[in-house]
Amino acid sequence: MTDSENGWKNSADAWIKRIDEGDPNREYLLDPVMLGLCGDVAGKRVLDAGCGEGRFCRMLSAKGAITTGVDPTAKLIAAARQRHPKGEYIMGLAERMPFKPGTFDLVVSYVALVDIAGYKEAIREMADMLKPGGKLVVANLTSFATATTTGWARGADREKLHWTMDHYMMERGVWADWCGIRIINHHRPLSAYMKAFLGCGLVLEFFDEPVPTAEQLSFAPSLDDSSKKPDFVVMRWRKG
């Protein structure tokens, strides 16, 4: 599936605008966890598979990492190169990356697997790119978030009653719309992802479904929904 078919080509400008305006989910909820799991990256070769406009590459580069970003959307890669000239940004698919196995100390997938049709191939590629002992740090939408039918069920006064979902075990692509962005998000049960990671011989070191703290909610009240149901899962895997 190309970026035209999955919506990313037409959504690139809206995505960049959203990132520039600030995404509370990333800034308050995910960034602290992801940066903590990446650890000391000074002098390390880091690959961001599905880098978008390069935001997380820039954050890791500021901590001394030697970063490479891969993304299939030309406009996002162009923006990444413009914003971070010293970084390496390559237009390509996470399912078929143009690097030798064992090239990187750390591979990052920051809410990208949900966008990738060939997720099993992408996970295999990311594992292959790691040096022995290297780490793979992943954030993704939770599977019950992507299994929704209509989002929140609401009462007579539009109050949120409960989160809707169905056909949890059925893998499928679903169009998602927000902030002028319209892309396909792929739903898979958590077990499908875990089998793919474990099938590559990776060892799970960390697993969490982060929810906002009271302090984070004071800065970003829009995260309140994530207090009711975790929207993201975060993992760190080690290559043996």
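Because the structure is a prediction, the values reported are computed rather than measured.

A.B. asks: Before we go on, may I ask you to explain unusual backbone geometry in this structure?
C.D. replies: One can expect most non-glycine residues to show negative phi and most peptide bonds to be in trans. A positive phi angle, close to 50°, is found at valine 111, a residue other than glycine. The buried category is assigned to valine 111, whose relative accessible area is 13%.

A.B. asks: Would you explain the nonpolar core in this entry?
C.D. replies: Soluble globular proteins tend to pack their nonpolar side chains together in the buried interior. Leu113, Ile123, Leu136 and Phe197 are the most contacted members of the largest nonpolar core, which has 30 residues in total. Put simply, the parts of the chain that give this core at least two residues each are β1 (45-49), β4 (104-110), α5 (119-129), β5 (130-141), α7 (190-199) and β11 (232-239). With six residues, α5 is the single largest residue contributor to this core. Once you skip the residues sitting within four places of it in the chain, phenylalanine 197 turns out to touch Leu113, Ile123, Leu136, Val138, Leu202, Met235 and Trp237.

A.B. asks: What am I meant to see in the sheet that holds strand β10 (residues 202-208) here?
C.D. replies: Paired through backbone hydrogen bonds, the strands of a sheet run either parallel or antiparallel to each other. A sheet is described by the order of its strands in space; here seven strands give the open sequence β3-β2-β1-β4-β5-β11-β10, paired in mixed fashion. One side of each edge strand has no neighbouring strand; the edge strands of this open sheet are β3 (88-91) and β10. The mean angle between the axes of side-by-side strands here comes to 15°, regardless of whether they run parallel or antiparallel. When strand β2 (residues 66-71) meets β3, the two strands line up parallel, connected through four bridges. In the strand pairing of β3, threonine 68 is matched with glutamate 88. Running at roughly 15° to β11, helix α2 (residues 24-38) makes contact with β4, β5, β10 and β11 of the sheet.

A.B. asks: Please explain the pairing of strand β9 (residues 181-187) as it appears in this structure.
C.D. replies: A regular strand carries its side chains on alternate faces of the sheet. Burial analysis of β9 places six of its seven residues in the buried class, the great majority of the element. Pairing analysis gives seven bridges linking strand β8 (residues 172-178) to β9, with the strands arranged antiparallel. Residue pairing for β9: arginine 172 is matched across the bridge by histidine 187. Linking β8 back to β9 in an antiparallel pair, the connection comprises two residues, with cysteine 179 at a positive phi of about 50°.

A.B. asks: In this structure, what is going on with the packing of aromatic side chains? I would like to understand it.
C.D. replies: For any pair of aromatic rings, geometry is given as the distance between the ring centres together with the angle between the planes. Scanning the entire structure with this criterion turns up seven aromatic pairs. Ring centres of phenylalanine 197 and tryptophan 237 lie 4.9 Å apart, and the angle between their planes is 15°; this geometry places the pair in the stacked category. Of this pair, phenylalanine 197 sits in helix α7 while tryptophan 237 is found in strand β11, placing the two residues 40 residues apart along the sequence. Take phenylalanine 197: its relative accessible area is 0%, and that puts it in the buried class. Residue tryptophan 237 is classed as buried on the basis of its relative accessible area of 0%.

A.B. asks: Any chance you could explain the pattern of salt bridges here in plain terms?
C.D. replies: Two side chains of opposite charge can pair, provided their charged atoms sit close to one another. Applying the stated criterion across every chain, the model contains 16 salt bridges. Across the pair glutamate 53 and arginine 58 runs a salt bridge whose closest N-O atoms are separated by 3.1 Å. Via salt bridges that share partners, Lys135, Glu205, Arg236 and Arg238 belong to a single interconnected network.

Rules used in this analysis
Residues numbered from 1 in each chain as written. Predicted model: local features only at pLDDT ≥ 70, side-chain atom pairs only at ≥ 80, totals over all residues. Heavy atoms only, no water. Buried < 20%, exposed > 50% of the residue type's maximum accessible area, 1.4 Å probe, protein only. Core = buried A, V, L, I, M, F, W, Y, C linked by side-chain atoms within 4.5 Å. Helix = DSSP H or I, 4+ residues; strand = E, 2+ residues; numbered from the N terminus. Contact = heavy atoms within 4.5 Å. Pairing = 2+ DSSP bridges. Axes fitted to C-alpha atoms, helices over the stretch in contact; angles between N-to-C directions. Phe/Tyr/Trp six-rings, centres within 6.5 Å; stacked < 30°, edge-to-face > 60°. Salt bridge = Lys/Arg side-chain N within 4 Å of Asp/Glu carboxyl O.

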